[in-house]
Amino acid sequence: MTAHLKQDKPDTRNLLDKMRQGVIGKPLSRPDGPAKVSGTAPYTADHAVENCLEGVLVTATIVRGEVADIDAQSVLTMPGVVAVIDDERLTARAAQGGADEAPEQPARKVGYFGQPIALVVAESFEEARDAAKQLKVDYRADDLSDIPLDPVQTDPEPQDDGTRQGDLAHAMTSAAHSVDLTYRTEGHASAAMEPHAAIAEWDGKRLTVHASLQMLNHNIIELADALDVKEEDIRLISRYVGGGFGSKLGISEETVAACVAAMELGRPVRVVMSRQQVFQCIMRRSETKQRLRLAADGDGKLIGFGHEARVSNLPGEDFAEPVLQSSEFLYAAENRLLQLEVARIHRMTAGSVRAPGEAVGMPALEAAMDVLAEKAGIDPVELRLRNIPDKHPSEGLPFSSHKLAECLKQGAEAFGWDSGPRKPRQRREGEWWIGTGMASAARVHNIEEAKARVTLKADGTALVETDMTDIGTGTYSILGQIAGEMLGLPVEKVLVELGDTRLPRGSGSGGSWGAASVGSAVFVACNRLRERLAGKVGIAADDLVLKDGTAGNDLRLTDLLDGEDLCEEGHYEPGEIEDDYTAAGFGAFFAQVRVNRFTGETRVDRMLGAFGFGRVLNEKTARSQCLGGITWSIGAALTESLLFDPVDGHLVNCDLAEYHVPVHRDIPDVEVIMVEERDPAASPIQAKGIGELGMCGGAGAIANAIYDACGARLFEFPMTPDRVLSALPE
Amino acid sequence: MTQMTVNDRPVRFDMDPQTPLLWALRDAANLTGSKYGCGVGDCGACMVLVDGEALRSCLITLAEAEGRFITTIEGLSEDRSHPVQQAMVAEQAIQCGFCTPGIVMAAAALIQRNPDPSEADVREAVPNLCRCGVYPRLVRAIQRAGRVARRRERISAAPAPGIDMEDAARAVPALRADSAE
Ligand code: FES
Ligand code: FES
């Protein structure tokens, strides 16, 4: 049976708090931990499939144009080579998150250097790779001088109407203090540790596909559309995903190629992207140019707020890095101007990388706030506190909950923030200047439709099933805890099955919405199960106390069930709550850095994040998400930057040696404070997302700490030693 | 044929001796716990013990591994009872888990030669990349593993798989998943 909830109103019942099992929110270890430490958790490429062929993608060596001819014969005589696949259905790009349609086809039309154009299939990986390298391809290539490659030299188009309110220019001239600053950030890669991979099997009618994906509920639609196969004839499986961070939101080229090859050849085909291909063929976070105009009155209250940004993407892509997302609501100011523009260029696809928008928009905003604080002579924490709006500044909607002030205060206190007058270069140890900085954090709360089935078994255990994924976030943990809490079962008695499209459609893991969305579906199912159990006992559901497999007093659940399984499918949909409230997670970052006065190198000594994101479902996995986000903040601040060749726009640093993700020695002991709250308008479990908040502003705190340490104001991220050196005052 | 000992068993690989050990382990021996993350020595996801030392198996050819004792994550302990495995679970130094086998091997080699490592020792001995960002927790976990190895502490965070299939399935969702297919 199905229990459906379309949430039009805040759920203030806080039912999870009224339960007695006491597992919700607890720092329980993840049930998938043992499999992961023993190497037995099967990731996509690990599945042993009999008679499996290996496919290697061939990528374009031109920027724009068309494949004129592929000389398959040139490799078909090589040992082990079985086929060259250049079918019309091969895809040129990965789908954007939630696209629900096939990405660009056919692959033969080339739009960026390094784009997949064909697949070589052989008996072994080595043979396939060798042949892929030898394959002769003729192109009809457009002249390089006709192809826009550089966002700086391309006229951007406005993404939408933007936000215009009052008169920003006037506010700037009449302000007591104002800043007008331009920032640049460079592109980022998700660089999930597991490369994209797929194994496809075709039995003549149905496809079974192991793939490394974040949102099976969308991916199956995209795959069906790309292949022209009915959804019912596809089964997608993704039980363990070695990180996603946005890069696995949409169906990607290797999955489609593996499926096409398996269907053409009648044998299973595995395609694993090389690390270089993952870098080039999936998604980049767009570089940005951002202009920030902040105007404040004598008390430091913002009267004008301008944030304009230029990002880039390929022609035909809807996605534009939503740089201004948090700027829309973070600080009050009557006169506002926010506008996003997109330059159409032929670099690889731009798409979602963890915290799309805020990851680069927030650091720039928060760096500008620091300059304003200095000009106005106000403590940076105090400046933020003075500018917290009581409703959405342009739309007028109330906030569902708002913990920015608490996060700022608790964070400052725990960090030992000195709110006295600030001046750079006050502390030095040997070659190192030491300083501190802070920033706010903000990230919109998203919530999606989701379904999950919960079966209360006659033996007193429960089974939770959904095609939702666990990309390292802790879905296995939290769904077990929600069901355990609602049904009065220890988590050991709840089995969670994920990542298989034969199960009810979840929300997918993306945009930090997974936990709240699919968690709500489990909650809805359990709520109905409780009503049915209460009916059996003959009491109202509100009076039913479930704990440790009993239904109050000496009544055992197994006796109550009397040999019968109870099953409910929970179906959650956000309703009017989405239109009636502005919902977001908030927080604050504090950082202490040291900057080398001779080399310009920056090291983060310590960092603290305080976050309010609704109910904490599992203290351990939530903290892990915060720590991971802060780690990314450090990468975005100091080292991460995609670099493109000016001649043909290809990605130059497409490996882990040249694209610098933070390493063990870059990350100090990081402290996380979770400011507990219940957000009844966020979801019926009062939870919001936390996967991305930890990197929405953190790089700004580091920028501000660098200035405090050594007096170098930087307007470019990442703040590499060369940039720090050239910004150092004499 | 290249001969070596893999997880205490004598093994001969009928493969090109220039094949990286990682691919021999994964494709020929079906030991898929060691991961491909980059293939060129950047990430550490492929780390195995070679004569007790943690090395990147993508950088070692079969020829170079000839005659050596190889231990992969699958051979580290029968029942995931190795102190590093226990401590990693207990300290939640695992997220997506893709880097985990390599990190466990690097840490196991460290604990073997220095069961009381300082923070600096740990950071030096475990250079593996983890995009999920478990780093701060790693130091704690590995030092704790050292204490367990020195018998200063006991943990049993990762229950050994029971004989009972249901019990094992609850501990390892994958077990059940695979048996269902
Ligand atoms: S796969 Fe060997 S170091 Fe990355
Ligand atoms: S846990 Fe995901 S990469 Fe380390």
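For every chain, the first residue of its written sequence is number 1, and the numbers climb from 1 along that sequence. The order in which chains are written sets their letters, starting at A; the order in which ligands are written sets their numbers, starting at 1. For this predicted model, a pLDDT threshold of at least 70 governs which residues receive local features, and a threshold of 80 or more governs which side-chain atom pairs are given and counted, while totals over whole chains, interfaces and linings are taken from all residues.

You'll find chain B entered in an unreviewed UniProt entry as (2Fe-2S)-binding protein, with Alteraurantiacibacter aquimixticola given as the organism.

The name recorded for chain A in an unreviewed UniProt entry is Xanthine dehydrogenase family protein molybdopterin-binding subunit, from Alteraurantiacibacter aquimixticola.

S.K.: Requested: an account of the domain arrangement of chain A, with residues and values cited.
M.R.: All names here are of chain A. Split into domains, chain A comes out as domain 1 (2-41 + 447-573), domain 2 (44-144 + 191-283) and domain 3 (357-363 + 392-445 + 583-727). In this assembly, 10 residues from domain 2 lie in contact with 10 residues from domain 3. Basically, the charged four are Asp, Glu, Lys and Arg, the nonpolar ten are Ala, Val, Leu, Ile, Met, Phe, Trp, Tyr, Cys and Pro, and anything else, Gly included, counts as polar. Tallied by class, residues from the side of domain 2 that touches domain 3 come to six nonpolar, three polar and one charged. The split into domains, and so the bounds of each, comes from an automatic or database assignment of domains. Whether two residues are in contact depends on their C-beta atoms, placed from the backbone: they are in contact if these lie within 7 Å.

S.K.: Run through helix H1 (residues 21-28) of chain B, naming residues and quoting values.
M.R.: Since one α-helical turn is 3.6 residues long, residues separated by three or four positions face the same way. Residues and elements named next belong to chain B. Partly exposed residues are those whose C-beta has more than 12 but fewer than 20 other C-beta atoms within 10 Å; 20 or more makes a residue buried and 12 or fewer makes it exposed, with C-beta atoms placed from the backbone. Helix and strand definitions here come from DSSP, where helices need a minimum of 4 consecutive H or I residues and strands a minimum of 2 consecutive E residues; each element is numbered from the N-terminal end. The buried fraction of H1 is high, at six of eight residues. Check the buried side of H1 and you find it contacts strand E2 (9-13) and helix H2 (62-65). At the exit of H1 stands Asn-30, carrying a positive phi of roughly 55°.

S.K.: Outline the sheet that holds strand E23 (residues 462-465) of chain A, supporting the account with residue identities and numerical values.
M.R.: All names here are of chain A. Here we have five strands laid out as an open sheet, ordered E1-E25-E22-E23-E24, and mixed in their pairing. The sheet is open, and its two borders are formed by strand E1 (2-7) and strand E24 (494-497), each paired with just one other strand. For this sheet, the mean inter-axis angle between neighbouring strands, taken without regard to orientation, is 20°. Any two strands with at least two DSSP bridges between them are considered paired. In the sheet, strand E22 (residues 450-456) pairs with strand E25 (residues 566-574) via seven bridges, with the strands oriented antiparallel. For Lys-451, the partnering residue across the bridge sits in E25 and is His-571. In the packing of helix H13 (residues 514-537) onto the sheet, the strands contacted are E1, E22, E23 and E25, and the crossing angle to E25 comes to about 135°. Between N-to-C directions, angles cover 0 to 180 degrees, with each direction set by a line fitted to C-alpha atoms, over the stretch in contact for helices.

S.K.: Explain the packing of helix H12 (residues 475-487) of chain A against H13(A) residue by residue, including any values.
M.R.: Helix-helix packing is characterised by the crossing angle of the two axes and by the distance between the axes. All names here are of chain A. Where H12 contacts H13, the axes come no closer than 9 Å and their chain directions differ by 25°. When the interaxial angle is binned, H12 and H13 end up roughly parallel. Seen from above, H12 lies across H13 with right-handed handedness. Residue-level inspection shows Thr-475, Ile-478, Leu-479, Ile-482, Ala-483, Met-486 and Leu-487 of H12 in contact with H13, the latter providing Gly-514, Ala-515, Val-518, Gly-519, Val-522, Phe-523, Cys-526, Asn-527, Leu-529 and Arg-530. For the contact of H12 with H13, the per-class residue count stands at 12 nonpolar, four polar and one charged. When describing relative orientation, an angle under 35 degrees is termed roughly parallel and one over 145 degrees roughly antiparallel, while 65 to 115 degrees is termed roughly perpendicular and anything else oblique. By the definition used in this description, the sense in which the near helix is turned from the far one sets the handedness, with an anticlockwise turn below a right angle giving left-handed and a clockwise turn giving right-handed.

S.K.: Just give me the short version of the nonpolar core, but keep the residues and values in it.
M.R.: Across soluble globular proteins, nonpolar side chains show a tendency to be buried alongside one another. All names here are of chain A. Of all hydrophobic cores here, the largest spans 312 residues; its most connected members are Val-120, Val-522, Ile-702 and Ile-706. Among the elements that take part in this core, helix H9 (residues 358-376) stands out by supplying 12 residues, more than any other. Leave out the neighbours within four places in its chain, and Val-522 touches Ala-452, Val-454, Val-464, Leu-479, Ile-482, Ala-483 and Gly-570. Buried Ala, Val, Leu, Ile, Met, Phe, Trp, Tyr and Cys residues whose C-beta atoms connect them within 7 Å together make up a nonpolar core.

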